[in-house]
Amino acid sequence: MANCPKCGRHLKLTDWRQNCPDCGVNMILYNEQERLMQDADIAEVQYYHFQKKIDRVKAAFVGSKLAIVRIITSILPIAAIFLPLIKGKVTEPFEPIDGGISFLDIYSHIDKINGDTINSAMDMGKTPTLFLLIAMGLFVLSLLTLVVHFILLTLACSPKGKARNLTLDVILLATTIGSAVAIFRMPAGGAVSGTVGIGGYLYILLQIVNVLVDVIILKQGIPVNHKQCYVGGIPIEEYFEMQRMGMPTEEIRAIQYARMQAMQDEKEAELARAAEEAEKEAEEKKREAMIDG
């Protein structure tokens, strides 16, 4: 069982009433104001930490003009995949295609690519098929990285945001360029032959622009403007400093009550001024109405 919050008496199962058998204090209401203040302090500190995260997310997206540009450059590479990524010819065992091959063409025939078709393509030309699979794998990985990169922009201003973004930028460039190199180096004689198309070149260019903008932002930095938070009327930075210095809770409470009273007085004064101005405006309108009448 618990103890009485005032006298410290150890309570038994028979001590079920709200008043202490020894000192008679109401144990439920005892020191209620202080407990409410403690709960309020905890809630305001938790809100402060949550608000810092919100401020960092906001700064990552709209904290500067370049941050807004980064949102656009992070999406633009997607547009290039709808243009011909490969300019060439596809023969059996894959679905025959001749000309430009875009992502939509690949997606529409993806259900016909299985282990049997890949084995048949290997029989036609093992090396060309391996290069094709490498190119496709790196391209898909670059798309996935692009999506992850965009999602993690929300954490770009977090403590580990810079290292995380740089890592993703390296992966983006490596997979994008590696996919194009695999197409260029793919020898003839396989089921797929050709070279990089206009969409592929544009995809590489937009990825490079995307990475360059990101690197510039990471180098310059984005200022994070944190909303001022308070704990019982005390700016939270000052509150943390008081705790760090070991100031007694009673002294902190005295300062909090004084600050909150000052804030309340200021608010009441503003309301009084607003009411006074409204009354003067009403009298002025009434006077003008009497003159016009």
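Residues numbered from 1 in each chain as written. Predicted model: local features only at pLDDT ≥ 70, side-chain atom pairs only at ≥ 80, totals over all residues. Heavy atoms only, no water.

S.K.: Before we go on, may I ask you to explain a nonpolar patch on the surface in this structure?
M.R.: A surface patch of nonpolar side chains, amounting to about 400 Å² of accessible area, comprises Leu83, Ile198, Leu202, Leu205 and Val209. Inspection of the secondary structure assignment puts Leu83 in the loop between α3 (77-80) and β1 (86-90). On the accessibility criterion, Leu83 (34% relative accessible area) is partly exposed. (Patch = residues over 30% accessible without salt bridge, like charges linked within 9 Å, V, L, I, M, F, W, Y side chains within 5 Å. Areas by Shrake-Rupley, 256 points an atom, 1.4 Å probe, with all protein chains shown as cover. Salt bridge = Lys/Arg side-chain N within 4 Å of Asp/Glu carboxyl O. Helix = DSSP H or I, 4+ residues; strand = E, 2+ residues; numbered from the N terminus. Buried < 20%, exposed > 50% of the residue type's maximum accessible area, 1.4 Å probe, protein only.)

S.K.: Would you explain the packing of helix α6 (residues 126-151) against helix α7 (residues 161-185) in this entry?
M.R.: Any two packed helices are characterised by how steeply their axes cross, that is the angle between the axes, and by the distance between the axes. Between α6 and α7, the shortest axis-to-axis distance is 8 Å and the interhelical angle comes to 155°. As the angle between them shows, α6 and α7 are arranged roughly antiparallel. Along this stretch, α6 crosses α7, giving a crossing that reads as left-handed. Of the residues in α7, those in contact with Phe131, Ile134, Ala135, Leu138, Phe139, Leu141, Ser142, Thr145, Leu146, Val148 and His149 of α6 are Asn165, Leu168, Asp169, Ile171, Leu172, Thr175, Thr176, Gly178, Ser179, Ala182, Ile183 and Arg185. Taken together, the residues of the contact of α6 with α7 break down into 13 nonpolar, eight polar and two charged. (Axes fitted to C-alpha atoms, helices over the stretch in contact; angles between N-to-C directions. Parallel < 35°, antiparallel > 145°, perpendicular 65-115°, else oblique. Left-handed = near helix turned anticlockwise from the far one by under 90°. Contact = heavy atoms within 4.5 Å. Nonpolar A, V, L, I, M, F, W, Y, C, P; charged D, E, K, R; others polar.)

S.K.: Before we go on, may I ask you to explain the pattern of salt bridges in this structure?
M.R.: A side chain of one charge can pair with a side chain of the opposite charge when the charged atoms of the two come close. Taken as a whole and assessed by the stated rule, the structure comprises seven salt bridges. Of the charged contacts in the structure, one is a salt bridge between Glu276 and Lys280, with a shortest N-O distance of 3.5 Å. Of this pair, Glu276 and Lys280 both sit in helix α10 (residues 249-292), four residues apart, roughly one helical turn. Judged by relative accessible area, Glu276 falls into the partly exposed class, the value being 43%. A relative accessible area of 52% means that Lys280 is categorised as exposed.

S.K.: What is the right way to look at the environment of His226 in this model?
M.R.: Locating His226 in the fold gives a position in the loop between α8 (198-220) and β4 (230-231). The class for His226 is partly exposed, based on a relative accessible area of 42%. Through-space distance from the C-alpha of His226 to that of Leu202 is 39 Å; in sequence the pair is 24 residues apart. The contacts of His226, once residues within four sequence positions are left out, are Lys52, Asp55 and Arg56. Here the side chain of His226 touches Asp55 through a polar contact of 3.3 Å, side chain to side chain. (Polar contact = N/O pair within 3.5 Å; in protein donor to acceptor, adjacent residues only side chain to side chain.)

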